[in-house]
Structure formats: structure tokens, C-alpha cells
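A structural walkthrough
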Amino acid sequence: MHKDQQRIRYLDGLRGVSIALVMVWHFYGPTYARFLPFGDAYAGVPVISDGWAGVEMFFLISGFVIFMTLERSSGFVDFMLRRWKRLFPAMLVASVLLFAVDRLTDLQGPYSGARLQDVVPGLLFVSPAFLRAIVPDIRSLDNVFWSLYAEVAFYIIFALAYRVAGWRWAVAFLVLLSLIARPGLGLLAEIGAPGAVQRLLAPMGWLNIGKFGWFAAGALFAKWFESRDRRLFAIGLGVAALAIVQDSLVPGRGASNIAMMVALTLLFC
């Protein structure tokens with residue numbers, strides 16, 4: 001934030017909670033179990049088994065913060081430059097480290113065998129699915145980069161909609177896109193929609209646009225934070241509830257998963 005603006009420090013605390021939950025889930029949950037000496041011994045422990053939901057709260061925080069950044073930016077280019085300067089240096093360091101460790105050591109991991117081309121998606125913040133038309137077997141250095149691809153897609157889409165139509169329509173557009181992506185794409189497949197239609201909408205899945213409801217809820221809470229209009233808080237809570245319902249449709253989600261999303265949403269609120 002600029003020097004004349006007060007930092008909302010409890011958002012930093014919530015970011016820390018989100019990051020800790022996701023790290024615990026990755027390193028004690030089922031994701032990397034086959035590479036760990038204790039395997040999946042802790043994968044069923046409450047909180048650990050639901051730690052992935054920290055990403056959802058992080059998206060809520062992003063919606064809140066990015067809305068405020070948009071209001072301070074002079075235009076779309078200014079906004080995107082601000083975000084690039086925040087993200088690119090860290091991604092560059094992370095990509096170099098991941099690539100070097102993979103190529104220079106014998107450590108085995110879930111994404112071993114990285115090639116130089118696999119560095120590209122992370123540095124461009126673009127899902128490798130978009131790049132496979134040029135390089136068919138390209139992949140990310142690490143699958144956890146998916147959340148950054150979703151973040152950057154949100155930045156671009158929300159910022160453009162905000163500049164063109166204003167914040168209300170921009171938030172509504174995010175919610176609409178999330179509904180089309182989930183459960184809309186699944187319903188199209190179930191009813192046997194033409195393949196051309198499904199292929200046309202496939203990029204929504206690559207970008208995880210089904211998560212955009214979380215960003216929209218965060219933006220609504222940011223507007224409430226400025227105006228103290230209780231209606232905005234109520235609508236934000238409703239959009240967050242919709243995002244929880246959408247995430248609960250993912251196969252394998254159970255009651256404890258839903259309870260964690262509800263708990264984190266309430267903590268944020």
C-alpha cells in the first residue's frame with residue numbers, strides 16, 4: 001500500500017492462516033504421501049484433511065484487496081503493472097529454485113524431470129493448457145501454480161469489466177462466469193451438448209473460473225468495508241455461500257470439507 005494508506009494488518013494474519021493450512025495439507029495430507037517417510041498417516045486428521053480450503057479463503061482475501069487496488073489505480077495498465085511487480089519477482093525465484101533442485105539433485109518428487117520449457121507457464125502466469133497448441137507436452141513446474149493462473153485470470157477479467165461497466169456489473173459478471181463454469185460445464189457434458197460448444201468453454205475449466213465466486217464475495221466485502229452498507233455485507237455472504245455450494249459439488253467433497261469452508265468464510269467475515 002502507499003505510505004498514506006493504513007495497512008489492514010489482520011488481512012496479513014488471515015493470509016498466514018491460509019498459507020499454513022495449505023502447506024500442512026500438502027506436506028502431511030495425501031498429495032505427496034508417496035514421497036514422505038510417514039506416508040499418509042496424518043491425511044485423515046481433522047484440519048490437515050481439509051487444509052486445501054485455505055486457498056478459498058485466500059481467494060476471498062484477494063477479491064477484497066484487488067478491489068481496493070483497482071479503485072486506487074489510474075487505469076487497466078497501471079493496475080496490471082502493479083500486480084506484475086508484486087507477483088513476477090517471487091515467481092521467478094521460485095521457478096529457478098524448483099528447476100535447479102530438479103536438475104541438479106537426485107531428489108524424487110511428484111514433478112521430477114522438469115524441462116526448460118516447463119518454466120514458461122509459471123513465468124507467463126498462463127495455464128499450460130493454453131500453450132499446448134504450440135508445445136504439446138508442456139506442463140507446470142508444480143501443479144500448485146494453478147491458483148496463480150486463476151488469480152491472474154481474475155485480475156484481467158475483473159479489471160476490464162470494472163473499467164468498462166463499473167464495480168457492480170463487474171462483480172455480477174464474476175458470479176455469472178463462476179456459474180457457467182461450475183456447474184454449467186458439467187451439465188453441458190451430461191446433456192450431451194455439441195463438442196464444439198464444450199471445447200469453446202473448456203478454457204473456463206483451465207483457468208478455474210468456477211472459483212470466481214470467492215473473488216466476487218471478497219470484492220463485495222471490500223465495498224461494504226468502505227461504505228458500511230449492510231446490504232453489501234449480506235450479498236457478499238450470499239455469494240460466499242454460493243461459492244461453498246459450488247465447491248461442494250466437486251467429487252469426493254464431504255461434510256468436513258464443507259464445514260471447513262464455512263468456518264474459514266465466517267472467520268474472514
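Details of the structure are given in the entry above.
The structure contained in this document is the topic of the report that follows. This structure is a prediction, so every number in the text was calculated from the model and none was measured.

A short note on the pattern of salt bridges
- The full count for this structure, using the stated rule, is 11 salt bridges.
- Residues Arg-139 and Asp-118 are paired through a salt bridge, measuring 4.0 Å at the closest nitrogen-oxygen approach. A residue pair is termed long-range when its members are at least 10 positions apart, and Arg-139 in the loop between helix 5 (128-131) and helix 6 (146-165) and Asp-118 in the loop between helix 3 (76-104) and helix 4 (120-124) qualify at 21 residues.
- A salt bridge links Asp-247 to Arg-182; the shortest N-O distance between them is 2.6 Å. Of this pair, Asp-247 sits in helix 10 (residues 230-248) while Arg-182 sits in helix 7 (residues 167-190), placing them 65 residues apart in sequence. The same class applies to Asp-247 and to Arg-182, which are both buried.
- Beyond isolated ion pairs, a larger network of salt bridges with shared partners links Glu-56, Arg-182, Lys-211 and Asp-247.

A look at helix 1 (residues 9-28)
- Helix length check: helix 1, at 20 residues, gives a terminal C-alpha distance of 29 Å against a target of 28 Å (1.5 Å per residue), a fit within 8%.
- Along helix 1, the positions that sit buried rather than exposed are Leu-11, Leu-14, Ser-18, Leu-21, Val-22, Trp-25 and His-26. Projection of helix 1 onto a plane perpendicular to its axis shows the buried side chains occupying an angular sector of 130 degrees, all on one side.
- As for helix 1, its buried residues are in contact with helix 2 (54-72) and helix 11 (255-268).

A closer look at a nonpolar patch on the surface
- Judged by side-chain polarity, Ile-19, Met-23, Val-24, Phe-27, Tyr-28, Tyr-42 and Val-45 come together as a nonpolar surface patch covering roughly 590 Å² of accessible area.
- A relative accessible area of 42% means that Ile-19 is categorised as partly exposed.

Some words on the environment of Ala-259
- Structurally, Ala-259 is set in helix 11.
- Relative accessible area serves as the criterion here: at 44%, Ala-259 is assigned to the partly exposed category.
- Spatially, the C-alpha atoms of Ala-259 and Leu-14 are 18 Å apart, while their sequence positions differ by 245 residues.

Some details on unusual backbone geometry
- Non-glycine residue Phe-125 carries a positive phi angle of around 55 degrees.
- Relative to the helices and strands, Phe-125 resides in the loop between helix 4 and helix 5.
- For Phe-125, a relative accessible area of 8% corresponds to the buried category.

What to know about the nonpolar core
- In this structure, Leu-11, Phe-64, Phe-154, Tyr-155, Phe-158, Phe-212 and Phe-268 are the most contacted members of the largest nonpolar core, which totals 70 residues.
- Those elements that provide at least two residues to this core are helix 1, helix 2, helix 3, helix 6, helix 7, helix 9 (212-227), helix 10 and helix 11.
- At 11 residues, the largest contribution of residues to this core is made by helix 2.
- Non-local contacts of Leu-11, meaning those with residues more than four positions away in its chain, are made with Ile-61, Phe-64, Val-65 and Phe-268.

Details of the packing of aromatic side chains
- This structure, assessed with the given rule, holds 23 aromatic pairs.
- Note on Phe-27 and Tyr-32: the rings are 5.8 Å apart at their centroids and 40 degrees apart in plane angle, and the pair reads as tilted.
- Geometrically, the ring pair formed by Phe-67 and Trp-167 is edge-to-face, given 6.1 Å between the ring centres and 85 degrees between the ring planes. With Phe-67 in helix 2 and Trp-167 in helix 7, this pair connects stretches of sequence that are 100 residues apart. The burial state of Phe-67 is the same as that of Trp-167; both residues are buried.
- Against the face of Trp-224 rests Arg-228, its NZ or CZ located 4.6 Å from the ring centre.
- Positioned above the aromatic ring of Trp-52 is the side chain of Arg-253, whose terminal nitrogen or guanidinium carbon lies 3.8 Å from the ring centre.

Notes on the packing of helix 1 against helix 2
- Running from N to C, helix 1 and helix 2 point in directions that differ by 150 degrees, and their axes come no closer than 8 Å. It follows from the interaxial angle that helix 1 and helix 2 lie roughly antiparallel. Crossing of helix 1 over helix 2 shows left-handed handedness. Residue-level contacts link Leu-11, Leu-14, Arg-15, Val-17, Ser-18, Ile-19, Leu-21 and Val-22 of helix 1 to Gly-54, Val-55, Met-57, Phe-58, Ile-61, Phe-64 and Val-65 of helix 2.
- Classifying every residue of the contact of helix 1 with helix 2 gives 12 nonpolar, 2 polar and 1 charged.

So, helix 9
- End to end, helix 9 covers 23 Å across 16 residues, agreeing with the expected 22 Å (1.5 Å per residue, within 8%).
- Among the 16 residues in helix 9, 13 count as buried, and that is most of the element.
- Taken from the residues just after helix 9, Arg-228 is the one with a positive phi, measuring 60 degrees.

Cut-offs used in this document
Residues numbered from 1 in each chain as written. Predicted model: local features only at pLDDT ≥ 70, side-chain atom pairs only at ≥ 80, totals over all residues. Heavy atoms only, no water. Salt bridge = Lys/Arg side-chain N within 4 Å of Asp/Glu carboxyl O. Helix = DSSP H or I, 4+ residues; strand = E, 2+ residues; numbered from the N terminus. Buried < 20%, exposed > 50% of the residue type's maximum accessible area, 1.4 Å probe, protein only. Expected span 1.5 Å × (residues − 1). Arc of directions from axis to C-beta. Contact = heavy atoms within 4.5 Å. Patch = residues over 30% accessible without salt bridge, like charges linked within 9 Å, V, L, I, M, F, W, Y side chains within 5 Å. Areas by Shrake-Rupley, 256 points an atom, 1.4 Å probe, with all protein chains shown as cover. Core = buried A, V, L, I, M, F, W, Y, C linked by side-chain atoms within 4.5 Å. Phe/Tyr/Trp six-rings, centres within 6.5 Å; stacked < 30°, edge-to-face > 60°. Lys NZ or Arg CZ within 6 Å of the ring centre and 35° of its normal. Axes fitted to C-alpha atoms, helices over the stretch in contact; angles between N-to-C directions. Parallel < 35°, antiparallel > 145°, perpendicular 65-115°, else oblique. Left-handed = near helix turned anticlockwise from the far one by under 90°. Nonpolar A, V, L, I, M, F, W, Y, C, P; charged D, E, K, R; others polar.

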